[in-house]
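# Architecture and fold: a report
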Amino acid sequence: MTKQECVAMLLAGGQGTRLGILTRKLAKPAVPFGGKYRIIDFTLSNCANSGIYTVGVLTQYQPLILNSYIGIGSHWDLDKKRGGVTVLPPYVRHDGGHWYLGTANAVYQNIEFVDQYDPEYVLVLSGDHIYKMDYSILLDYHKEREADVTIAVIEVPWEETHRFGIMNTDKDNVILEFQEKPKEAKNNLASMGVYVFNWKLLRKVLIEDEMNKESDHDFGKNIIPMLLDEKKRIFAYPFRHYWKDVGTIESLWQANMDLLLDQPELDLYERDWKIYSVNPNQPVQFIAKGAHVTHSLINEGCQIYGSVKNSVLFPGVVVGKNSVVNDSVLMSDTVIGENVTIERTIMGEECTVEDNCVIGQPGEGPEGITVLGENVVATQGKVIPSGVEINIENCHEFGCAPNGLKDRKGDL
Amino acid sequence: MTKQECVAMLLAGGQGTRLGILTRKLAKPAVPFGGKYRIIDFTLSNCANSGIYTVGVLTQYQPLILNSYIGIGSHWDLDKKRGGVTVLPPYVRHDGGHWYLGTANAVYQNIEFVDQYDPEYVLVLSGDHIYKMDYSILLDYHKEREADVTIAVIEVPWEETHRFGIMNTDKDNVILEFQEKPKEAKNNLASMGVYVFNWKLLRKVLIEDEMNKESDHDFGKNIIPMLLDEKKRIFAYPFRHYWKDVGTIESLWQANMDLLLDQPELDLYERDWKIYSVNPNQPVQFIAKGAHVTHSLINEGCQIYGSVKNSVLFPGVVVGKNSVVNDSVLMSDTVIGENVTIERTIMGEECTVEDNCVIGQPGEGPEGITVLGENVVATQGKVIPSGVEINIENCHEFGCAPNGLKDRKGDL
Amino acid sequence: MRDVLGIINDTDIRQKLKDLTRVRSTAAVPFGGRYRIIDFVLSNMTNSGIKNIGILTQSYNRSLLDHVDSGREWDLLSKRDGLFVLPPIFRYDQFTGNLGDVDHYYNHMDYLTRSRQQYILISNSNVIYNMDYREVQQCYEEKKADIVIVYKNIQPEEQNNHRVLSLLLDNNGQIRDMAASKENRLSPAVAMETAFMKKSLFMEIVDDCIARGYRDFTKDGLIKNLDKYNIFGYEHKGFAAKIDSIDTYYRHSMDLLKPEIWKELFFKHGNIFTKVKDEPPVKYLASADVSNSLLANGCHIAGTVENSILGRGVTVHAGAVVRNAIVMQKGQIHRGSTVENAILDKDVVVTPGKQLRGERDYPLVIEKQAVI
Amino acid sequence: MRDVLGIINDTDIRQKLKDLTRVRSTAAVPFGGRYRIIDFVLSNMTNSGIKNIGILTQSYNRSLLDHVDSGREWDLLSKRDGLFVLPPIFRYDQFTGNLGDVDHYYNHMDYLTRSRQQYILISNSNVIYNMDYREVQQCYEEKKADIVIVYKNIQPEEQNNHRVLSLLLDNNGQIRDMAASKENRLSPAVAMETAFMKKSLFMEIVDDCIARGYRDFTKDGLIKNLDKYNIFGYEHKGFAAKIDSIDTYYRHSMDLLKPEIWKELFFKHGNIFTKVKDEPPVKYLASADVSNSLLANGCHIAGTVENSILGRGVTVHAGAVVRNAIVMQKGQIHRGSTVENAILDKDVVVTPGKQLRGERDYPLVIEKQAVI
């Protein structure tokens, strides 16, 4: 096995429970985003674009789906002879095995995997965030400062500091103190969950932490404070571009809407930093005579006969005549009939909305985004109030039906 | 995920305990063979050459090594966009996990993996055998007969029938009865551990078998007898070419020697059925002036200054001046000094034999093959009797030393 | 169809595609927004199970090489078999200028010999259809044919004034006469430049032609041998287009705006694959006004687009109008400009305030990288 | 060296390699049993960390395409960057016959522009060495050079009678004069056809040459600009060979039989990669008698082999003798035949009882697929 200077360990086991029915069968990193992508595409593309071609993806919740999505990594240019991407679910050893108990334990369980490449540095990443970052610059920053650990940080509004791990730094970006979700923050630099470690040090610390029965085996809660106590050289790497944790329905919807601005902060069109994804192999989209499309992102294979405004459409979506889609996100292969109105809705894959339905009728339900999970059918003329979540299990309560197709679990 | 007509499940978890120190750090399928290959190369190459590109490799013992050896499968032409090779160690689910309890349980634990491809047929293979077989012909045979199960069988000498699973068949090759290691066999057709199943049937039976607490969850012992009881259509597919289970030191040595015949039964030079392997990327071999090489297989990167007779040399082996290597198998990067004599020995990777040693001195020890595990150094003038097994743990008893290099675990 | 070798003939340099084939071969001409012409034949072949495909092409083959790359998009990256681009074998000093397709086949006879397949499916690079070639092989077996030729019945109103290969079939589907003519067609049946036979027969015909100094596989190898071999026709009932002129290129591109043709061509027997460019979805701005058009990913639309086909990464600025036009990859149409009845090759920039107008039956063709 | 673009120039068709380059370009000539000449430069580049490599080649490029394939063996299969084979851009009817290397560079200027790298390392396809190009870049930075040229000091006894580019360096390593000559060399320093500079400077020089009708990058672009740019030399101290004639091909092939050269060339700064053919190990039969020879995998040896280099899958039957010879892939030497001082191209069959003998300084060359 060839030596690699840097190995990336991408934590992709998050269940994303706050995304409700959207993560019923998907780990959070596999949730679709932006008309084309899954959340993990951003981190994987960052790796490839940064020239980091040895990536371990630590999966746990619904591992088979991520496994088949990632495949041999060819879609992200990560199918290399030396290195490449390896999906690492927690596996059973001779003496048994258990789920990853925390972010640090996940890496601990894969020490042997990392050792194969005998790296100088290990980059610990999370598959949960939307951002574009050149990790090779972060790595250079780490090397120049001869740091033991470097943590990427981003400024957050002071009023939100209580939701983050906050870094207190000196003027040279040396981290002096770490506050996990502080009530009174001394700073507004939040950890992005992106770490560079010198592997020798991390390896040692992971083993020590594993012994500690009190530990949660978490990078933020345990490993970093432990290294601060040991007076290691820990630097903050300030990041000043778009970064978003799409952990809730509201933030997922908002992050999609962010892309519709004329000059969005996250530029998907940058030629030198493409975001790769699995290609659905659909023909070019068809906008029919009489259709009206504005302020939207529409992907290949869509057929638009109606009106789409301020919305994000994934591949293969059909919008029928005289239908109106506003402020919504429609995932792959959703079919909207004629004379339908859809407002502020996120719709999962392969939903069907038959003619004359209204989805997300304002004022009918609680405020907020309406969500239809995958494979839900809203039959003829149904009115769905705003703010509800419907999946194939509870859909009968709303007069909806599950799609006749087979359950598409694993069928990405 | 694309539908596939046939998915292969390759059982590669065998520990191969009878191969002693050669399998101390390797699963049996990873044991080197024939100057170039590992045992599993034969089954993987058979898959690719048969056009079966969707292969699950079920690993268990030392999974990381097979995982990194197989990589994305490109060496065997199995890095396909649709399908390809997937390494499947037993992984931990939310509710825990356990080692594969038997061959049938191994496939049972991966039902979801197979289901992704929605196949008609599942080909169950073992990674433990040396043979060349076109599975597409086996599959055609299965389809033509509208069989439920087809089992590849080979004629074994009557006196060895007690070591095999024996099939009693009628004149149409219908299997009437199965005898596991019978004392008095009624037939001499032995199961090769190669099965074609209709997936729907197998899926159902695996689930039933899993419920049965008495079962060993083994294809030969449990699944086949159960299906015979249910009067399913089970056919034998007679195979008449080279097939060898290299389960012991003696048989591994013999199978290597088989290749040295002028017309070996197993033809590695057949252009239409190449056996693929990971390429060590070594230059062409150098045979020096004064060297003498006969009746041998020598791989790339070797440098021969002495005499090699009736032996198999893996890549990068050096044989010094005035040294004699007879009837032996020397694995990769072994270095033999000057004036050395080696007889009937299997030597693991990166061994060093210093000048004036004698390895496998006949009459000095028990009859049989001498075995040196990887990284053993026989220092100046040492005489090692025949029939002993030396590894880096017991080597001091024989006056040998471990190689100074780092332990090469995982470094394939 | 693992036992079938696919051959795509992209050596014809007499195509009337004008500027579109100035810098590339016919196979590499962009079509349908995100595709190249060859994608259709190539995808049909791989969707039918063909694993070994040779493309005989021309010496200016860089676009084609870039496009097919390793063949990975068609899952043709392989140790045995796979995709082979076969450029002409000649040296600067040996080129005489009058090679026929037979010469190209003959020059690559070693590739044919070396391949293990028993049958051959040969197609021109310039036909657009979605077809399951397994049905062609079935026809070959049922009829016990020596050769099967794919044809389509062309109604008189669909005819153009080019020379086409028309066929005369008997009741059993056997071809009794063939002729390449403009006006006097033998029947509505027109050959679609696709044939199936044993590889050995193909090599025999090529060898016979070479031995006698013949250069044209169809005229010399097939028409003259109608008595010698049993040649049958297989009718393709769906959409099929031959791209052999600017006129047919423009007309058949516009055919894609009919949803039933769009669906048939891209989905009928399997998807059409192409090189993946990882473009983001199309972005529509507030002022976008798009109707009856096809748009490839990566487009940025702030202006008006009507009855048009836009390639990847095309930008139509606010106040610009694109009508009845084909704009290829990365075209930029600036504010106040109008492009009508035109074909813009890749990377064309139309600066503000320009008016480009052709006629529907004589579209304007703008060459690659032009700045207007 | 991710920021460096590698360019391999394989356009020179005036090589004196006779029949060896009749069917292939210099880059694709087999060398050292299992390699092609280009493998050395290509592996040096990738081992040094270069991720984007363009090979400018000739129109008969099929051997080269077959060999480099997708670039996967060099880990150059990539979405961004990777390996690009750049055939000449011209059409049959436009070819005039007197293109220089500058014309080829100019024709592929768009590839240079499009690539994101800032620096360029350009090498001819015909040099054989194992070199870490990072040291060349280091020299470039230390000397604050505009251009660095790799050279080797050639002792008088190693000289041959070809024209070589000799250099005159000052104490600081700056090149003060350059001349392509046979006899009157400026110094023992001979350029190894490898240079490093900013991509923008390279493009500027090419553009200047084109503007003035100059065709030769070295003579017109470098020698004439010695005063304008700071050109430094980087000395390569190890083995290096330029393959520009049958004589140098044969002589430098035989150099590999010296174990110290064999080790240096294949292991010094990194392994040399090549297309993998999955051949089994060499099989020696009872009657084999091999000495001082290199053998590639897949050989079957029952006869005598001395001071020779055998390619993949060569068969030497019992009673056959191969001496001081290079036998390429799949050669077959039958019983009772002798091959001495000869170069046998691929697939040559020497039937029983034949005697083929050249002289050591004038080896016999047998063309591909000959049956003797």
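A quick note: this is a predicted structure, and the numbers were derived from the prediction, not measured. (Residues numbered from 1 in each chain as written. Chains lettered and ligands numbered in written order. Predicted model: local features only at pLDDT ≥ 70, side-chain atom pairs only at ≥ 80, totals over all residues. Heavy atoms only, no water.)

## A word on the overall build of chain C
Within chain C, the regular secondary structure consists of nine helices and 28 strands. In summary, chain C has a C-alpha radius of gyration of 21 Å against a globular reference of 21 Å for 372 residues, a match within 12%. Looking at chain C residue by residue over its 372 residues, the buried ones come to 66%. For chain C, the share of sequence-separated contacts (at least 6 apart) that also reach a separation of at least 24 residues comes to 58%. When the accessible area of chain C is evaluated, it comes to approximately 13200 Å², of which 45% is carbon and sulfur surface. Within chain C, one finds 49 positive and 47 negative side-chain charges whose respective centroids are separated by 4 Å. (Helix = DSSP H or I, 4+ residues; strand = E, 2+ residues; numbered from the N terminus. Rg over C-alpha atoms; globule rule 2.2 N^0.38 Å. Buried < 20%, exposed > 50% of the residue type's maximum accessible area, 1.4 Å probe, protein only. Contact = heavy atoms within 4.5 Å. Areas by Shrake-Rupley, 256 points an atom, 1.4 Å probe, with all protein chains shown as cover. Lys, Arg positive; Asp, Glu negative; His and termini not counted. Charge placed at Lys NZ, Arg CZ, Asp CG, Glu CD.)

## Focus: the overall build of chain A
Along the backbone of chain A there are eight helices and 32 strands. On the principal axes, the C-alpha backbone points of chain A span a range of 65 × 45 × 40 Å. Put simply, chain A has 412 residues, and 65% of those count as buried. Considering only contacts within chain A whose residues lie at least 6 apart along the sequence, 58% involve residues at least 24 apart.

## Looking at the interface of chain B and chain C
Each partner contributes residues to the interface: chain B has 15 residues there, and chain C has 13 residues. Counting the surface lost from both chain B and chain C, the interface buries some 1200 Å², and carbon and sulfur atoms represent 36% of this. Counting the contacts that link chain B with chain C gives zero salt bridges. Taken together, the residues that form the side of chain B that touches chain C break down as three nonpolar, six polar and six charged. (Buried area = accessible area lost by both parts, 1.4 Å probe. Salt bridge = Lys/Arg side-chain N within 4 Å of Asp/Glu carboxyl O. Nonpolar A, V, L, I, M, F, W, Y, C, P; charged D, E, K, R; others polar.)

## Describing helix H7 (residues 219–229) of chain B
Residue and element names in this part refer to chain B. All buried positions along H7 are accounted for by Phe219, Gly220, Asn222, Ile223, Ile224, Leu227 and Leu228. With a side-chain oxygen lying 2.9 Å from the backbone nitrogen of Gly220, the N-terminal cap of H7 falls on Asp218. Two residues or fewer after H7 comes Lys231, characterised by a positive phi angle close to 60°. (Polar contact = N/O pair within 3.5 Å; in protein donor to acceptor, adjacent residues only side chain to side chain.)

## Describing unusual backbone geometry
Residues and elements named next belong to chain A. Of note, the phi angle at Asp118 is positive, near 45°, even though the residue is not glycine. Here Asp118 shows up in the loop between helix H4 (111–115) and strand E6 (121–126). A positive phi angle, near 65°, is found at Asn375, a position not held by glycine. Within the secondary structure, Asn375 is located in the loop between strand E28 (370–372) and strand E29 (376–378).

## Let's talk about the pattern of salt bridges
A full pass over the atoms with the stated rule returns 65 salt bridges over all chains. The salt bridge involving Lys28(B) is made with Asp128(B); its shortest N-O contact spans 3.7 Å. One end of the pair, Lys28(B), is in the loop between strand E1 (6–11) and strand E2 (32–33); the other, Asp128(B), is in the loop between strand E6 (121–126) and strand E7 (129–131), with 100 residues separating them in the sequence. There is no split in this pair, since Lys28(B) and Asp128(B) are both buried. Its salt-bridge partner being Lys80(B), residue Asp77(B) comes within 3.7 Å of it at the nearest N-O pair. Bridged by salt links that share partners, the residues Glu306(C), Arg323(C), Glu340(C) and Arg357(C) form one connected network.

## Some points on the sheet that holds strand E26 (residues 349–350) of chain C
Adjacent strands of a sheet pair through backbone hydrogen bonds, lying either parallel or antiparallel. Spatial ordering of the open sheet is given by E31(A)-E28(A)-E25(A)-E22(A)-E19(A)-E16(A)-E14(C)-E17(C)-E20(C)-E23(C)-E26(C), a layout of 11 strands whose pairing is mixed. Where the open sheet ends on each side, the last strands, each with one partner, are strand E31 (389–390) of chain A together with E26 of chain C. Alignment of strand E25 (residues 345–347) of chain A against E28(A), held across three bridges, turns out to be parallel. Of the residues in E28(A), the one forming a bridge with Met347(A) is Leu372(A). (Pairing = 2+ DSSP bridges.)

## Overview of the confidence of the model for chain A
Per-residue pLDDT for chain A has a mean of 89; in total, 97% of the residues score no lower than 70. The low-confidence segment residues 406–412 of chain A (pLDDT under 50) makes 21 contacts with residues lying over four places distant or belonging to another chain. (pLDDT = per-residue confidence, 0-100.)

## Re the nonpolar core
Core analysis: the biggest nonpolar cluster contains 100 residues, and Leu123(A), Tyr135(A), Val194(A), Leu123(B), Tyr135(B) and Val194(B) have the highest contact counts within it. Not counting the four nearest positions on each side in its chain, Tyr135(A) is found in contact with Thr43(A), Asn46(A), Cys47(A), Ser50(A), Ile52(A), Leu123(A), Leu125(A) and Val194(A). Counting 74 residues, the second-largest nonpolar core is a separate cluster that includes Phe232(C), Tyr140(D), Met192(D) and Phe196(D). (Core = buried A, V, L, I, M, F, W, Y, C linked by side-chain atoms within 4.5 Å.)

## Let's talk about the confidence of the model for chain C
All names here are of chain C. Considering every residue of chain C, the mean pLDDT works out to 89; 95% of them sit at 70 or more. By mean pLDDT, helix H2 (residues 62–68) is the weakest element of chain C at 85, and strand E19 (residues 309–310) is the strongest at 97. Contacts for the low-pLDDT stretch residues 91–95, under 50 throughout, to residues beyond four places or in other chains number 13 contacts. Scored as a complex, the prediction yields pTM 0.88 and ipTM 0.85.

## Regarding the environment of Asp81(D)
Residue and element names in this part refer to chain D. Assignment of secondary structure puts Asp81 in the loop between helix H2 (62–68) and strand E5 (82–86). Taking relative accessible area as the criterion, Asp81 reaches 17% and is therefore assigned buried. Each residue touching Asp81, except ones within four places of it in the same chain, is listed here: Lys51, Asn52, Arg116 and Gln117. Of the polar contacts made by the side chain of Asp81, one reaches the side chain of Arg116; its length is 2.7 Å.

## Structural notes on the interface of chain B and chain D
When the parts of a complex come together, some accessible area is lost, and that lost area is often taken as the interface size. Residue-level contacts link 44 residues of chain B with 39 residues of chain D. Per-residue buried area on chain B facing chain D is highest for Tyr269(B), Asn281(B) and Val284(B); these three make up 21% of the total on that side. Viewed at the interface, chain D and chain B are joined by three salt bridges. Note that Glu300(B) is salt-bridged to Arg34(D), the shortest N-O span being 2.8 Å.

## A word on the domain arrangement of chain C
Residue and element names in this part refer to chain C. Taken as a whole, chain C is organised into domain 1 (4–267) and domain 2 (283–366). For domain 1 versus domain 2, the distance between C-alpha centres works out to 32 Å. Across the contact, 17 residues belong to domain 1 and 23 residues belong to domain 2. Of the roughly 1700 Å² buried at the junction of domain 1 and domain 2 (both faces included), carbon and sulfur atoms supply 65%. Among the residues domain 1 hides against domain 2, the three largest losses belong to Tyr250, Met254 and Leu257. Together they make up 35% of the total. Among the ionic pairs, Asp345 bridges to Arg24, the shortest N-O distance being 2.8 Å. The interface formed by domain 1 and domain 2 holds two residue pairs in polar contact (both at pLDDT 80 or more) in total. A class-by-class count of the residues in the side of domain 1 that touches domain 2 yields nine nonpolar, three polar and five charged. (Domains from an automatic or database assignment.)

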